[in-house]
Amino acid sequence: MSRDEIQADWGARGFSCDLWVDPPGQVWADFVHATDELVMPIEGRIELEFSGTRRCPAIGEEVLIPAGARHTVRNLSEGTARWLYGYRRRR
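Residues numbered from 1 in each chain as written. Predicted model: local features only at pLDDT ≥ 70, side-chain atom pairs only at ≥ 80, totals over all residues. Heavy atoms only, no water.

Peer 1: What should I look at first to understand unusual backbone geometry in this one?
Peer 2: Residues other than glycine predominantly adopt negative phi, and peptide bonds predominantly adopt the trans conformation. Of note in the backbone geometry, Asp30 takes a positive phi value of approximately 60° without being a glycine. Residue Ser51 is not a glycine yet carries a positive backbone phi of 50°. Checked against the element boundaries, Ser51 lands in the loop between strand S4 (46-50) and strand S5 (53-55). Relative accessible area serves as the criterion here: at 56%, Ser51 is assigned to the exposed category. (Helix = DSSP H or I, 4+ residues; strand = E, 2+ residues; numbered from the N terminus. Buried < 20%, exposed > 50% of the residue type's maximum accessible area, 1.4 Å probe, protein only.)

Peer 1: Explain the sheet that holds strand S1 (residues 18-22) to me, please; I cannot follow it from the model alone.
Peer 2: Whether parallel or antiparallel, the strands of a sheet pair through hydrogen bonds between backbone atoms. Strand order in the open sheet formed by 4 strands is S1-S8-S3-S6, and the pairing between neighbours is antiparallel. The two strands at the open ends of the sheet, each matched to only one other strand, are S1 and strand S6 (63-65). Strand after strand, the sheet turns through a mean of 30° between neighbouring axes, direction not considered. Of the strand pairs in this sheet, S1 and strand S8 (residues 81-87) are connected by 5 bridges, and their pairing is antiparallel. (Pairing = 2+ DSSP bridges. Axes fitted to C-alpha atoms, helices over the stretch in contact; angles between N-to-C directions.)

Peer 1: When you look at the pattern of salt bridges in this model, what are you seeing that I'm missing?
Peer 2: Side chains bearing opposite charge may pair, as long as their charged atoms lie close to each other. Under the counting rule described, the total for this entry stands at 9 salt bridges. One salt bridge in this structure joins Arg13 and Asp9, with 2.7 Å as the shortest N-O distance. Take Arg13: its relative accessible area is 34%, and that puts it in the partly exposed class. According to the relative accessible area criterion, Asp9 is partly exposed, its value standing at 28%. Glu49 is the salt-bridge partner of Arg54, the closest N and O atoms lying 3.5 Å from each other. A residue is classified by how much of its surface remains accessible, and Arg54, at 55% relative accessible area, is exposed. A single network of salt bridges, built from pairs that share partners, joins Glu47, Glu49, Arg54 and Arg74. (Salt bridge = Lys/Arg side-chain N within 4 Å of Asp/Glu carboxyl O.)

Peer 1: Help me out: how do you make sense of the nonpolar core in this one?
Peer 2: Considering soluble globular proteins, one finds that nonpolar side chains tend to be buried as a cluster. One finds Val39, Ile46, Leu48, Phe50, Val63, Ile65, Ala69, Val73, Ala81, Trp83 and Tyr85 forming the largest nonpolar core, which totals 11 residues. Residue contacts for Val63: discarding those within four places in its chain leaves Glu37, Leu38, Val39, Leu48, Phe50, Arg55 and Pro57. Within the second largest apolar cluster, 7 residues are counted, among which are Ile6, Trp10, Leu38 and Leu84. (Core = buried A, V, L, I, M, F, W, Y, C linked by side-chain atoms within 4.5 Å. Contact = heavy atoms within 4.5 Å.)

Peer 1: Would you mind going over the sheet that holds strand S7 (residues 71-75) with me for this structure?
Peer 2: If you walk across this open sheet you meet the 4 strands as S2-S7-S4-S5, and the pairing is antiparallel. With partners counted over all chains shown, the strands left at the sheet margins are strand S2 (27-31) and S5, one partner each. Sheet twist, expressed as the average angle between the axes of neighbouring strands with direction ignored, equals 10°. Where S4 lies against S5, 3 bridges are found, and the strand directions are antiparallel. Following the sheet pairing, Phe50 is matched in S5 by Thr53.

Below, the structure is given as structure tokens:
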């Protein structure tokens, strides 16, 4: 799927869709959001840790982080990691 197709799909499901770019070794630790979040790596390798699990989603694999879940994202790549993220829109 192209980024435009992903954005359209997520939008139809009530989510925003934006691009995040991280340098090698970047860690975003212990974040909590009041709404559900979708994450999808599109370049590099990231690790998601939440709800007592660690996941390294494949390129193009979508992961839902539930609202209220404390989570950490790590760039495990030797280079830049790029990933799409989106938050469920409030109605």
